[in-house]
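Breakdown of the fold
Residue strings, one per chain:
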Amino acid sequence: MNDRQPATDFDARNAAFLAFLRAEGAAVSDAVAIRDYSAEHAGRGVAATRDVAADEQLFALPYSACLGVETSRAAGWIKEHPELAENGWAPVILAVLYELAFADTSKFKPYFDILPSTLDTPIFWTASELALLEGTDVVRRMAKEESDSMYHSLLLPVVRQHVPENDWPRFSIDRFYFAASLLMAYGFHPGHIPGVHSAPTEEDESDDEEEEEEDALPILVPLADTLNAVHPSTAHLEHDADARLLRIHATADVSAGSQIFNTYGDHGTSELLRRYGYVEWTNAFDAVTLDGPALLELAAAAIATSWGKKMKEKEIEAELEKRVDFLSEIDVFEDEFEVSRDRPVPADLVLSAKLLLADPDTYRAAKKDPSRVFPTLESYTSAAPTDRVAAPVHLTRAEADLLVALADHRLAMYPADTPADGVAVEECAGIAEFVDKVNEVAGTGGVRAAYAAFVRRVERGLVRRLRDAVVGAGTVKTWDVARKEADKEVEGQEEVGKVVVVEQADYGVAKKRAAEAPAAAGKHGKKAKRK
């Protein structure tokens, strides 16, 4: 997301943009200035012109300076179409699209003039560039077909009802994608803002402020979106409803000359590229997904060679379908399982693998008490989803084999290594140097090949970490030992993702049930005699 411009043009556009904001009533501190960070593959950014103290206000914007449905000139006829409001971001995409289509007469023109003319979000990549992302979560989540459908079947018919025919070419699908991507990459969700968002319907009204903020459509907040993003950030956007302002405050001390950063939230590398068209050199939120249906297929094959040898394929499928229904009801089985830096061996994946593979007796016992098969489960279920949990995971050899097979399935989805994959990350000081080295070995002049190589490296690294943890697991002989040692190991454990393979092939559930049966029969026999 960077357009390098001559210094005079860069400064002139910045001056016109700041004049627009001030004309709308914005207050911009003399502590900040817009700078060019194109050399760092970051485009425009905001720097401190002097030392800035934490909590200091950097700027405040009135609602009128923000671009949403109500501040678009198309607001009137957009609200005439309830079908737009029933389709997610459709109303605000159309609002932004309209202002872009007639940018020369829009009050937001000075704002549009400082935005990049092209974006590096993958929706704009060529087919050959997208091929570099094959197998990654970026491609899996792009949803291009759904976006195409929204444009052709929803937005275009509305446009043609309200815009003269000779202006229809202004509303091209490329411009639609640019408007939608601007909202994805630059938009903010500050909650419902009167005069920027359309008034909520009775069904949308809620006393839950967090839910309201989450459900409100994104809006474009000029200048706030000029801040580049890293985690942790040094600035934060706040909604001052009483003053009808959006304020940006420093969240930490910033020294003169340093760039001031916002954050895009808890997004891993793949999601940052998909949404915003960039990657961060270090990212604590990195994650990759493993395929739920693939786990089912692999589990079915394993069952067919173990306790399900005498079952037909359809019988195994029917049994697994029942188990998936149960796992879904308790929010364990999903279409995707997330492997992250803090959860390298995710508990939902482990429990799913265990209950899918379990023989019928073990499965019935585990439904009643999952800790019988997953001794440290409570350590995971009692923690928040983002908490770091250092609790060992105990697996049977069959479960370990299943997880390794799933990891191999995921790794096989990536394309063969390219020259870019040979660039040593440890020899680079940051993303800019990595991009330069990839361009040298790959013979490209842009960032996209480098970003794709970086995403592949991160995702494959997480999958391999899971695989290595299972393959290199230590062992214990029995489940009794595993259960006794579990609590002790949780207390002293600091390493996340530790796996222990239990050599005992079964959990001992069937033996216990068999031992209980004669005792129960004896009791019934005595009762019968007494009668």
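Along each chain, residue indices are assigned from 1 in the same order as the chain's sequence is written. Confidence filtering applies because this is a predicted model: local features only for residues at pLDDT of at least 70, side-chain atom pairs given and counted only at 80 or more, and all residues used for totals across whole chains, interfaces and linings. Think of the side-chain values as coming from all heavy atoms in the structure, minus any hydrogens and water.

**Comments concerning the overall build of the chain**
- Per the convention used, a helix needs a DSSP run of H or I reaching at least four residues, while a strand needs a run of E reaching at least two, with both numbered from the N terminus. Looking only at helices and strands, one finds 21 helices and 14 strands in the chain.
- Classification of the 531 residues of the chain by burial places 49% in the buried group.
- For this analysis, residues touch if any pair of their heavy atoms sits within 4.5 Å. Partitioning the intrachain contacts of the chain with sequence separation of at least 6 by distance along the chain shows that 75% fall at a separation of at least 24.
- Here the Shrake-Rupley method, with its probe set to 1.4 Å, supplies the accessible areas, and only the displayed protein chains count as covering residues. Of the accessible surface of the chain, which amounts to about 25600 Å², a share of 50% is contributed by carbon and sulfur atoms. Note on exposure labels: buried denotes an accessible area under 20% of the residue type's maximum, exposed denotes more than 50%, and partly exposed covers the range between, all computed with a 1.4 Å probe on protein chains only.

**Some points on the confidence of the model for the chain**
- Across the chain, pLDDT averages 89, with 88% of residues at or above 70.
- Note: pLDDT gives the predictor's confidence per residue, expressed from 0 to 100. A low-confidence stretch, residues 517–531 (pLDDT under 50), is modelled with zero contacts involving residues beyond four sequence positions or located in other chains.

**Focus: the sheet that holds strand 8 (residues 245–250)**
- A pair of strands is considered paired only if DSSP assigns at least 2 bridges between the two. If you walk across this open sheet you meet the four strands as 1-4-8-7, and the pairing is antiparallel. The outermost strands of the open sheet, each flanked by one partner alone, are strand 1 (27–28) and strand 7 (235–240).
- As paired elements, strand 1 and strand 4 (residues 57–62) share two bridges and run antiparallel to each other. Pairing of Val28 across the sheet is with Phe59, part of strand 4.

**Here's the deal with the layout of surface pockets**
- Cavities and pockets were defined on a 1 Å grid built from protein atoms only: a cavity is a group of points that admits a 1.4 Å probe but offers it no way out, a pocket is an open group of points flanked by protein on both sides within 12 Å along at least five of seven lines, and a lining residue is one with an atom within 4 Å of any such point. Grid points are joined across faces, edges and corners, and a volume is the space filled by probe spheres set on the points. Reported here for the largest pocket is a volume of approximately 890 Å³.
- In this structure, the largest pocket is lined by 32 residues; those nearest its centre are Glu338, Ser340, Arg343, Pro385 and Thr386.
- In this classification, Asp, Glu, Lys and Arg are treated as charged, Ala, Val, Leu, Ile, Met, Phe, Trp, Tyr, Cys and Pro as nonpolar, and every other residue, Gly included, as polar. Considered class by class, the residues forming the lining of the largest pocket number 13 nonpolar, seven polar and twelve charged.

**Observations regarding the side chain of Arg410**
- Considering the arrangement of structural elements, one finds Arg410 in helix 17 (residues 397–411).
- The exposure class of Arg410 is buried, given its relative accessible area of 1%.
- Ignoring any residue separated from it by four or fewer positions in sequence, one finds Arg410 in contact with Gly135, Thr136, Asp137, Arg140, Val288, Thr289, Leu290, Glu459 and Val463.

**Let's talk about the sheet that holds strand 2 (residues 32–36)**
- Taken in spatial order, the three strands of this open sheet run 2-3-9, and their pairing is antiparallel. The open sheet has two free edges, formed respectively by strand 2 and strand 9 (259–260), since each of these has just one partner strand.
- Here strand 3 (residues 44–48) runs beside strand 9; their pairing, made up of two bridges, is antiparallel. Within strand 9, the residue paired with Ala47 across the bridge is Gln259.

**Describing the side chain of Ser352**
- For Ser352, the position within the fold is in helix 14 (residues 347–357).
- The residues touching Ser352, leaving out its near neighbours within four places in the chain, are Leu295, Leu327, Val332, Phe333 and Phe337.

**Structural notes on helix 15 (residues 360–368)**
- Among the residues of helix 15, Thr362, Tyr363, Ala365 and Ala366 are the ones counted as buried. Projected down its long axis, helix 15 carries its buried residues within an arc of 170°, all on one side.
- The term polar contact refers here to a pair of N or O atoms within 3.5 Å; inside protein, the definition further demands a hydrogen-donor-capable atom paired with an acceptor-capable atom, and it admits residues adjacent in sequence only when both atoms are side-chain atoms. The distance from a side-chain oxygen at the start of helix 15 to the backbone nitrogen of Asp361 is 3.1 Å, and the residue carrying that oxygen is Asp359. Think of it as the arc spanned by the lines of direction from the helix axis to the C-beta atoms.

**Considering the pattern of salt bridges**
- Salt bridge, as used here: a side-chain nitrogen of Lys or Arg that lies within 4 Å of a carboxyl oxygen of Asp or Glu. Applying the stated criterion across every chain, the model contains 31 salt bridges.
- For the salt bridge of Arg13 with Asp9, the shortest nitrogen-to-oxygen distance reads 3.1 Å. Placement of both Arg13 and Asp9 in helix 1 (residues 7–23) is noted, with a separation of four residues, approximately one turn of the helix.
- Among the salt bridges present, the one from Lys79 reaches Glu70, with a minimum N-O distance of 3.1 Å.

**Considerations on the packing of helix 4 (residues 90–101) against helix 9 (residues 173–186)**
- One way to put it is that helix 4 packs onto helix 9 with a least axis distance of 9 Å and a crossing angle of 120°. Considered as vectors, helix 4 and helix 9 are oriented oblique to each other. Considering the relative orientation of helix 4 and helix 9, their crossing is right-handed. Here Val92, Ile93, Val96, Leu97, Leu100 and Ala101 of helix 4 come into contact with helix 9, specifically with Arg175, Phe176, Phe178, Ala179, Ala180, Leu182 and Leu183. Here an axis means a line fitted to C-alpha atoms, over the contact stretch when the element is a helix, while the angle between two N-to-C directions is reported on a 0 to 180 degree scale. Roughly parallel covers angles under 35 degrees, roughly antiparallel covers those over 145, roughly perpendicular covers 65 to 115, and oblique covers all other angles. Definitions for this section: a left-handed crossing has its near helix turned counterclockwise from the far helix by less than a right angle. A right-handed crossing has that turn clockwise.

**So, the packing of aromatic side chains**
- The aromatic pairing rule takes the rings of Phe, Tyr and Trp, using the six-membered ring of Trp, and pairs them if the centres are within 6.5 Å, calling planes under 30 degrees apart stacked, those over 60 edge-to-face and the rest tilted. Inspection of every chain in the model, using the stated rule, returns 19 aromatic pairs.
- Between Trp281 and Phe454, the ring centres sit 5.5 Å apart and the planes meet at 20°, which makes this aromatic pair stacked. Taken together, the positions of Trp281 in the loop between helix 11 (269–276) and strand 10 (287–291) and Phe454 in helix 19 (residues 448–471) put the pair 173 residues apart, joining distant regions of the chain.
- Given the relative accessible area of 4%, Phe454 is considered buried.
- Geometrically, the ring pair formed by Phe434 and Phe454 is edge-to-face, given 5.5 Å between the ring centres and 65° between the ring planes. In this pair, Phe434 sits in helix 18 (residues 431–442) while Phe454 sits in helix 19, placing the two residues 20 residues apart along the sequence.

**Thoughts on the pairing of strand 14 (residues 499–502)**
- Alternating residues of strand 14 divide into Val499 and Val501 and Val500 and Val502, and every residue in both groups is buried.
- Bridging between strand 12 (residues 393–396) and strand 14 involves four bridges; their strand directions are parallel. Along strand 14, the bridge assignment pairs Leu395 with Val501.
- Pairing of strand 13 (residues 474–476) with strand 14 involves three bridges; the strand directions are parallel. Bridge pairing in strand 14 links Thr475 to Val501.

**What about a negative patch on the surface?**
- Patches draw on residues past 30% relative accessible area with no salt bridge. Two like charges within 9 Å are joined, as are two nonpolar side chains (Val, Leu, Ile, Met, Phe, Trp, Tyr) within 5 Å. Counting rule applied: Lys, Arg positive; Asp, Glu negative; His and chain ends not counted. By convention, the point assigned to a charge is CZ for Arg, NZ for Lys, CD for Glu and CG for Asp. Side chains of Glu313, Glu317, Glu321, Asp325 and Glu329 sit close together on the surface and give a patch of like negative charge.
- Tracing the backbone shows Glu317 in helix 13 (residues 313–329).
- Residue classification places Glu317 among the partly exposed residues on the basis of a relative accessible area of 44%.

**Quick word on unusual backbone geometry**
- Here the amide bond leading from His231 into Pro232 is cis, since omega sits at 0°, within 30 degrees of zero.
- You can see Pro232 is positioned in the loop between strand 6 (219–220) and strand 7.
- At Asp55, a residue that is not glycine, the phi angle is positive and equals roughly 80°.
- Judged by relative accessible area, Asp55 falls into the exposed class, the value being 64%.
- At Asp331, a residue that is not glycine, the phi angle is positive and equals roughly 60°.
- Among the secondary structure elements, Asp331 is positioned in the loop between helix 13 and strand 11 (336–340).
- Classification of Asp331 by relative accessible area gives exposed; the value is 61%.

**A short note on helix 14**
- Most of helix 14 is tucked away: ten of the eleven residues are buried.
- Of the residues making up helix 14, those classed as buried are Ala347, Leu349, Val350, Leu351, Ser352, Ala353, Lys354, Leu355, Leu356 and Leu357.

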